[in-house]
Amino acid sequence: SASGETFETRDPTTGEVLAEAQAGNSDDIDRAVEAAWDAYESEWANTDATERQRLLGEVADRIEANRSEIAKIETLDNGKPIREAHADVALVADQFRYFAGAARTHGGETVPSGSGKSIQTIREPYGVIGAVVPWNFPLLIASWKLAPALAAGNTVVLKPAEQTPLSVLKVMEEIDDVLPDGVVNVVTGYGEEAGAPLTEHEDIRKVSFTGSTAVGKQVMKAAAESVTDVTLELGGKSPVVVFPDADIEHAVRVMMFAMFYNTGECCTAGTRLFVHEDIYEEFMDAFVESAQGLQMGDPLDSDTRLGPKVSEEQVERTLSYIEQAKEDGARIVTGGGQPESEALADGCFVVPTVIDDIDHDSKPVQEEIFGPVEEVFAWSDYDEMIAQANDVDYGLAAGVITNDLSQANRAARDIEAGNIWVNHYTDFPAGQPFGGYKQSGIGREQAEETLDHYS
Ligand code: NAD
């Protein structure tokens, strides 16, 4: 960093300092944006799609060749179970491969305009893209921005989250000789000091931000100052609906994934669960038993299913919502605090928690908790259930669990969410347009249309 300052990043399992990263500020952002423009103008803008395809394929190969080390770094820095970190890294490589291919087919069109004339449209890259990512999927979400931005012919300045800068830096080290200098620039640092100067920068042509809705609003306001285009992937409070015909065993399996994957630190986490009253008790017995059986512990252990949260601050946030729910008179069915085990005492662990008898209008239901906390509601009337499922500011994701195809289609249309999984959850294959509406964001990532957002 220009200032010479650094910040510490910690292992949330032990609390130990893992590394010091450069604390970038607006001077570093200025230098990075300049380097990105130099690379764009001198080289990248004139690179053929075939060459971009080859280079992005090489990026994917390098990531795969180093997958174990990258996954381990991600687990150490973020706390996610190692098997989930491996799943992330595989998706990252696939993301680069998908957009390597898509670069070859992305183009304009010819439209007849009458009188023997025709209109030709050409897709041009913007130039320099500013990308800001959060800490829950540090490398995966970075790839959702880098791969399409580069495939469309842009150069990028990327700011990782201050809690988790290491996996992106490791990948940059591995691909240093693949991409020309200045095509990707990473500035580590805090949101206010490095993120804000990037998203406010007048020479950025497009901002792609993933993070909280509160910061997303600031980013959008800043972008308005220079009339800069934005993609925003923001928060969620996603409903999952279990219909009375559902196979309960399967429904529980889906919900374990929907709620507790990545320690509940998923923007799409199915945190509001609507179970039909006819199967409520049977479902809850099985779900609570599974939640209590989740193996919590060292995320580097391949048997671990629930790791620590990313930081102490996030533990406090989760616990404060649980306290609020208790004060509001809700019932804590299981969990509700930190584990008692001595072995986990230094880590940022929160026990899987299930809450019911909670008012849907209350703060813990309306706001994102971003931890392993499920809020469950019994329903009987379809229309009332849908009205409640939609009664939040967010519209990111949802789930429907039923064997009745017509019912599934109807609910998928009635629920206000960008992505709706049926009998399934938390799946992010390249090619699936991902993103929300209402206050969950603007734009779609991971799919062919994403190239339009970067050109
Ligand atoms: P956050 O908004 O606090 O931070 C996200 C990123 O923005 C970080 O890199 C941070 O340093 C940076 N930042 C902070 N203040 C900034 C500012 N003023 N200007 C520019 N950048 C700034 O969010 P978080 O706590 O890191 O992540 C959790 C949030 O991200 C949750 O709300 C979650 O739902 C959301 N999220 C959304 C998606 C999605 O695709 N929709 C995916 C993952 C996470």
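Scroll up for the structure.
Here is a short report on the structure shown in this document. All of these numbers come straight from a predicted model, not from anything done at the bench.

Examining the packing of helix H3 (residues 67–78) against helix H4 (residues 82–105)
Interaxial distance between H3 and H4 falls to 8 Å at its minimum, and their mutual angle equals 125°. In terms of their interaxial angle, H3 and H4 are classed as oblique. Here the hand of the crossing between H3 and H4 comes out right-handed. On H4, the residues touching Arg67, Ser68, Ile70, Ala71, Lys72, Glu74 and Thr75 of H3 are Ile82, Ala85, His86 and Val89. Across the contact of H3 with H4, the residue classes break down as 5 nonpolar, 3 polar and 3 charged.

Structural notes on the layout of surface pockets
Space inside the largest pocket adds up to approximately 1100 Å³. If you trace the largest pocket, you find 40 residues lining it, with Phe209, Gly211, Ser212, Thr213 and Val215 closest to the centre. Mapped onto the lining of the largest pocket, the elements with two or more residues apiece are helix H7 (191–199), strand S8 (206–210), helix H8 (213–225) and helix H11 (312–327). Per element, the largest residue contribution to the lining of the largest pocket is 7 residues, and it comes from H8.

Quick notes on the pairing of strand S2 (residues 17–22)
The pairing of strand S1 (residues 6–10) with S2 spans 5 bridges and is classified as antiparallel. Within S2, the residue paired with Phe7 across the bridge is Ala21. Where S1 folds back on S2, the antiparallel hairpin that results is connected by 6 residues, among which Gly15 adopts a positive phi of roughly 80°.

Cut-offs used in this document
- Residues numbered from 1 in each chain as written.
- Predicted model: local features only at pLDDT ≥ 70, side-chain atom pairs only at ≥ 80, totals over all residues.
- Heavy atoms only, no water.
- Axes fitted to C-alpha atoms, helices over the stretch in contact; angles between N-to-C directions.
- Helix = DSSP H or I, 4+ residues; strand = E, 2+ residues; numbered from the N terminus.
- Parallel < 35°, antiparallel > 145°, perpendicular 65-115°, else oblique.
- Left-handed = near helix turned anticlockwise from the far one by under 90°.
- Contact = heavy atoms within 4.5 Å.
- Nonpolar A, V, L, I, M, F, W, Y, C, P; charged D, E, K, R; others polar.
- 1 Å grid on protein atoms, 1.4 Å probe; cavity = no way out; pocket = protein on both sides within 12 Å on 5 of 7 lines; lining within 4 Å.
- Points joined across faces, edges and corners; volume = space filled by probe spheres on them.
- Pairing = 2+ DSSP bridges.

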